[in-house]
Amino acid sequence: KAGVTQTPRYLIKTRGQQVTLSCSPISGHRSVSWYQQTPGQGLQFLFEYFSETQRNKGNFPGRFSGRQFSNSRSEMNVSTLELGDSALYLCASSPTAGALSSYNEQFFGPGTRLTVL
Amino acid sequence: KNQVEQSPQSLIILEGKNCTLQCNYTVSPFSNLRWYKQDTGRGPVSLTIMTFSENTKSNGRYTATLDADTKQSSLHITASQLSDSASYICVVSGVDSNYQLIWGAGTKLIIKP
């Protein structure tokens with residue numbers, strides 16, 4: 001069974017630009033969560049999607065948005081990029097919703113390394 | 001404020017030695033605690049998951065312990081191997097209105113031959 005795939009793996013943008021990241025979950029998984037990881041900080045939860053609906057949202061500004069398609073693939077968009085948005089963006093998939101508080105395990109992709117200049 | 005603190009920040013040990021990583025949390029009420037291993041350039045991979053009623057859980061050479069009274073957890077690695085070099089992250093799930101996971105910053109472990 002193929003794992004979680006994320007594209008692109010690396011991205012360099014300049015301040016003010018926008019970016020779209022893509023995540024394909026494990027086949028059969030319907031929940032996709034997005035996280036931001038910066039050096040010295042724990043993963044910060046962005047949002048979770050299940051069956052094309054946003055189920056949970058973290059404390060990030062409205063510049064961060066996402067969506068999920070009928071095939072469970074998900075995209076994350078960041079508009080008006082800032083230097084502080086440079087980070088590793090991780091996507092995780094789970095068979096069911098409620099991965100945040102349940103015993104369900106999340107399976108992570110390799111991440112997209114975003115650098116904002 | 002719900003927090004998860006891990007110590008040490010980084011650790012270097014020789015191959016074959018044992019080590020113990022610590023995790024203290026203030027998340028309450030508490031649902032479950034997980035330990036993840038994250039290799040450089042990869043996403044985290046789950047090692048163990050424990051609820052408040054579990055004291056110990058093992059996964060091969062990895063043994064996690066949990067003391068829900070003192071809100072402490074540890075991850076013990078036995079007979080370390082070079083492939084154990086990674087960041088180890090403690091994650092606590094609280095039962096609140098957002099049901100969010102609280103991630104620790106991780107301990108970077110380096111195994112030297």
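Provided above is the structure to which this section pertains.
This section reports on the structure supplied with the text. Every value quoted in this text rests on a predicted model; they were computed, and no experiment measured them.

So, about the pairing of strand E11 (residues 112-116) of chain A. Consecutive residues of a regular strand have side chains that alternate between opposite faces of the sheet. Residues and elements named next belong to chain A. On E11, burial follows the alternation: Thr 112, Leu 114 and Val 116 on one face are buried, whereas Arg 113 and Thr 115 on the facing-out side are not. Two strands pair when backbone bridges link them, and strand E2 (residues 10-13) and E11 are joined in this way by four bridges, in the parallel orientation. Looking across to E11, one finds that Ile 12 is bridged to Thr 115. Relative to E11, strand E9 (residues 87-94) is paired through three bridges, and the arrangement is antiparallel. Looking across to E11, one finds that Tyr 89 is bridged to Thr 112.

This part covers the interface of chain B and chain A. A common measure of how large an interface is: the accessible area buried when the components associate. Across the contact, 24 residues belong to chain B and 24 residues belong to chain A. Of the roughly 1700 Å² buried at the junction of chain B and chain A (both faces included), carbon and sulfur atoms supply 49%. Where chain B touches chain A, the interface holds zero salt bridges. At the junction of chain B and chain A, the tally comes to three residue pairs in polar contact (both at pLDDT 80 or more). Residue assignment for the side of chain B that touches chain A shows that the elements contributing at least two residues are strand E4 (30-38), strand E5 (45-51), strand E9 (86-94) and strand E10 (101-103) of chain B. Tallying contributions element by element places E4 of chain B first for the side of chain B that touches chain A, with five residues. Among the residues making up the side of chain B that touches chain A, the classes are represented as nine nonpolar, 11 polar and four charged.

Glancing now at the pattern of salt bridges. For the structure on display, the rule yields seven salt bridges over all chains. Close ionic contact of Arg 67 of chain A with Glu 75 of chain A constitutes a salt bridge, the shortest N to O distance being 3.2 Å. Classification of Arg 67 of chain A as partly exposed rests on a relative accessible area of 46%. With relative accessibility at 16%, the residue Glu 75 of chain A sits in the buried group. Salt-bridge contacts for Asp 39 of chain B lead to Lys 37 of chain B; the nearest nitrogen and oxygen are separated by 3.9 Å. In the salt-bridge network here, residues are joined through shared partners; they are Arg 63, Glu 82 and Asp 85 of chain A.

Attention now goes to the sheet that holds strand E8 (residues 72-77) of chain B. All names here are of chain B. Ordered in space as E1-E3-E8-E7-E6, the five strands form an open sheet in which the pairing is antiparallel. Of all strands in the sheet, those with a lone pairing partner are strand E1 (4-7) and strand E6 (56-59), marking the two edges. Direction aside, neighbouring strands of the sheet carry axes that sit 15° apart on average. Bridge analysis of strand E7 (residues 62-67) against E8 gives six bridges, and the strand direction is antiparallel.

What follows is about unusual backbone geometry. Residue Pro 8 of chain A follows Thr 7 of chain A across a cis peptide bond; omega there is -10°. When you line up the elements, Pro 8 of chain A lands in the loop between strand E1 (5-7) and E2. Here the residue pair Ser 7 of chain B and Pro 8 of chain B is connected by a cis peptide bond, since its omega of -10° sits within 30 degrees of zero. In this structure, Glu 52 of chain A is a non-glycine residue whose phi angle is positive, near 70°. On the basis of relative accessible area, Glu 52 of chain A is assigned to the partly exposed category, the value being 47%. Unusually for a residue other than glycine, Ser 72 of chain A sits at a positive phi of about 75°. Looking at the element boundaries, Ser 72 of chain A is found in the loop between strand E7 (64-68) and strand E8 (74-78). Looking at Ser 72 of chain A, the relative accessible area reads 11%, which means it is buried.

What follows concerns the packing of aromatic side chains. Under the defined criterion, the tally for this structure stands at 10 aromatic pairs over all chains. Taking the centre distance of 5.6 Å and the plane angle of 45° together, the rings of Tyr 35 of chain A and Phe 108 of chain A count as tilted. Placement of Tyr 35 of chain A in strand E4 (residues 31-37) and of Phe 108 of chain A in strand E10 (residues 107-108) is noted, with a sequence separation of 73 residues between them. For the pair Tyr 35 of chain A and Phe 108 of chain A, a shared accessibility class is recorded, and that class is buried. Ring geometry for Tyr 35 of chain A versus Trp 103 of chain B: centroids 5.5 Å apart, planes at 70°, classification edge-to-face. Placement of the pair is Tyr 35 of chain A in strand E4 and Trp 103 of chain B in strand E10, with the two residues belonging to separate chains. You'll find Tyr 35 of chain A and Trp 103 of chain B in the same group, each marked buried. A connected cluster of aromatic rings, assembled from ring pairs, spans Tyr 35, Phe 45 and Phe 108 of chain A together with Tyr 36 and Trp 103 of chain B.

Conventions we followed
- Residues numbered from 1 in each chain as written.
- Chains lettered and ligands numbered in written order.
- Predicted model: local features only at pLDDT ≥ 70, side-chain atom pairs only at ≥ 80, totals over all residues.
- Heavy atoms only, no water.
- Buried < 20%, exposed > 50% of the residue type's maximum accessible area, 1.4 Å probe, protein only.
- Helix = DSSP H or I, 4+ residues; strand = E, 2+ residues; numbered from the N terminus.
- Pairing = 2+ DSSP bridges.
- Contact = heavy atoms within 4.5 Å.
- Buried area = accessible area lost by both parts, 1.4 Å probe.
- Salt bridge = Lys/Arg side-chain N within 4 Å of Asp/Glu carboxyl O.
- Polar contact = N/O pair within 3.5 Å; in protein donor to acceptor, adjacent residues only side chain to side chain.
- Nonpolar A, V, L, I, M, F, W, Y, C, P; charged D, E, K, R; others polar.
- Axes fitted to C-alpha atoms, helices over the stretch in contact; angles between N-to-C directions.
- Phe/Tyr/Trp six-rings, centres within 6.5 Å; stacked < 30°, edge-to-face > 60°.

In short, shape yes, function no, at least from these values alone.
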